[in-house]
Amino acid sequence: MAGPLRFPRSARLLAKADFDRAFQGGTRLGGQFFRLLVVIEPGTPARLGAALAKRSIPHAVDRNRIRRQLREAFRQRQAELAARSLVFTAKPEAAATPNPALRADIDRLLTRAAALPLDRPAGTMSR
RNA sequence: GGAGUGAGCCAGACAACCGCGCAGCGCCUCACCGCGUGGCGAGGAAAGUCCGGGCUCCACAGGGCACGGUGCCAGGUAACGCCUGGGCGGCGCGAGCCGACGGAAAGUGCAACAGAGAGCAGACCGCCGAAGCGGGGCAACCCGCUGGCAAGGGUGAAAGGGUGCGGUAAGAGCGCACCGCGCGGGUGGCAACACGCCGCGGCAUGGCAAACCCCACCGGGAGCAAGACCAAAUAGGGAGGCAUUGGCGCGGCCCGCGUCGCCUCCGGGUAGGUCGCUAGAGCCGUCCGGUGACGGGCGGCGCAGAGGAAUGGUUGUCGCGUCGGCGGGUUUCCGCCGGCGAACAGAACCCGGCUUAUCGGCCCACUCCGCCU
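Everything in this summary refers to the structure shown in the same document. None of these values were measured; they are calculated from a predicted model.

## Topic: the side chain of D105
Within the secondary structure, D105 sits in helix α3 (residues 99-114). Within polar-contact distance, the side chain of D105 engages the backbone nitrogen of Q32 at 3.0 Å.

Next comes the structure, spelled out in structure tokens:
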């Protein structure tokens, strides 16, 4: 029985193919510190992936911190996000930003992602 | 009490709720997935990737050259560019600290600016006017020139030992004494090196080798994305079988040859997966040897193993630092209230070092100064 606030493996993006699909055909949303790519895949649970480039976030400690903020925000709101695969990228300014400000930006993006219509199949935007 | 030196240690604590990773046990189950339970789950630098090793694969007769690294001596170590002890030089009143610290009489080279002169030294200011020549004067002597001088000034990072006395026209290791230096010997030390030891030498090799270089020693290459194994889909390769009167091509036709289809198997190999992957030059305690680094004996412990990458989020209480206010106290200090702050930083095959970053706190040893008895 998966509780509504858990973060099991099935809620994560693990394969390179998932990330490639998001980068090629995902709907793009821009926030203050993040960019969000959304792929609609009916029948799947909400899934999260963090693509934090070493180039934009040079210190491992910052990458870990940002990833944990992403996970925590996603974990608490995943019920609204069913059938959506989300890939976050961070802008360089995120490294120097405290957690509450990051969290607010993430929540705004999640709200927009939840509002996307479900009837558009994945991959529509490519080609 | 103040100022300082060295060596260690810690890296806020506890609780609640919601989560994450791993192996164990239990439930479910063919298995995967999932669920429950108690356990474990970042650092002193996990960092930079600058050295050294283990491990893995590749290469490899032996020797020399080239290239790179190291560079006082002796130890320690698996090894090192690390560590310990010692020597020498420098800094500090001191505890202590710092040093790429082999060779400059093998050769080549470099030295801006300043300065008269910078590597077969050098007369700018200055000192001298003994000697020689000329002039003056009865003479003592005076003037000028040829010249002599490295003592003084000045320049410089550096000017060819220092101080004193003698000496001289003025000077000069020119002579002497002491100090320094070089060479040979002696003594002490494993050695680097040292010596209020002996003899010789008036002093000869100025600096730079993180300039080329010489000497001594060391060095195969790539790295866990190493490497080993399992292995789809798609395309292509090989073998066998079937289709046996099939289509197409070479021919006017037949035979024949080539090519196209389906099935099975084989080998290479991509995605993906498994292993490597945490028991190791391990950690803690104790005893012994050693000045020490360290080595040895005995006993105990089981101590992260992820993989788009776990070790987190929120809240509360206490503790710490700091600022402001109030009250005792007034050198130091104590209590209460409120605000702010709590660093540097995240394992990725594993060890030994080095270097760099870091809010603050604790303990020990020692030095100097002040005060009291």
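Text resumes after the structure shown.
## A word on helix α1 (residues 16-25)
Considered for burial, the residues of α1 that qualify are D18, F19, A22 and G25. Buried residues along α1 cover an arc of 165° about the axis, so they all sit on one side. Opposite the buried face of α1, by more than 90 degrees, sit the exposed residues K16 and Q24. Check the buried side of α1 and you find it contacts β1 (27-30), β2 (34-40), β3 (47-51) and β4 (84-90).

## Some remarks on the protein's contact with RNA strand B
Inspection of the region around RNA strand B gives 21 residues, with R9, R12, L13, N64 and R75 positioned closest. By atom count, sugar and phosphate contribute 71% of the portion of RNA strand B lying within 4 Å of the protein. R68 places a polar side-chain atom, nitrogen or oxygen, 2.9 Å from a phosphate oxygen of RNA strand B. Breaking the surface near RNA strand B down by element, the ones donating at least two residues are α1 and α2 (60-77). Sorting elements by how many residues they give to the surface near RNA strand B places α2 first, with nine residues. The residue inventory of the surface near RNA strand B, partitioned by class, reads nine nonpolar, three polar and nine charged.

## Some words on the nonpolar core
Grouped together as the largest cluster of nonpolar side chains are 28 residues, with contacts concentrated most on F34, L36, V38, I66, F74, L86 and F88. Every element with two or more residues in this core is listed here: β2, α2, β4 and α3. Ranked by residues supplied to this core, first place goes to α3 with five residues. Core analysis: the second largest hydrophobic core is formed by seven residues, L13, F19, V39 and V87 among them.

Calculation notes
Residues numbered from 1 in each chain as written. Chains lettered and ligands numbered in written order. Predicted model: local features only at pLDDT ≥ 70, side-chain atom pairs only at ≥ 80, totals over all residues. Heavy atoms only, no water. Helix = DSSP H or I, 4+ residues; strand = E, 2+ residues; numbered from the N terminus. Polar contact = N/O pair within 3.5 Å; in protein donor to acceptor, adjacent residues only side chain to side chain. Buried < 20%, exposed > 50% of the residue type's maximum accessible area, 1.4 Å probe, protein only. Arc of directions from axis to C-beta. Contact = heavy atoms within 4.5 Å. Near = heavy atom within 4 Å. Nonpolar A, V, L, I, M, F, W, Y, C, P; charged D, E, K, R; others polar. Core = buried A, V, L, I, M, F, W, Y, C linked by side-chain atoms within 4.5 Å.

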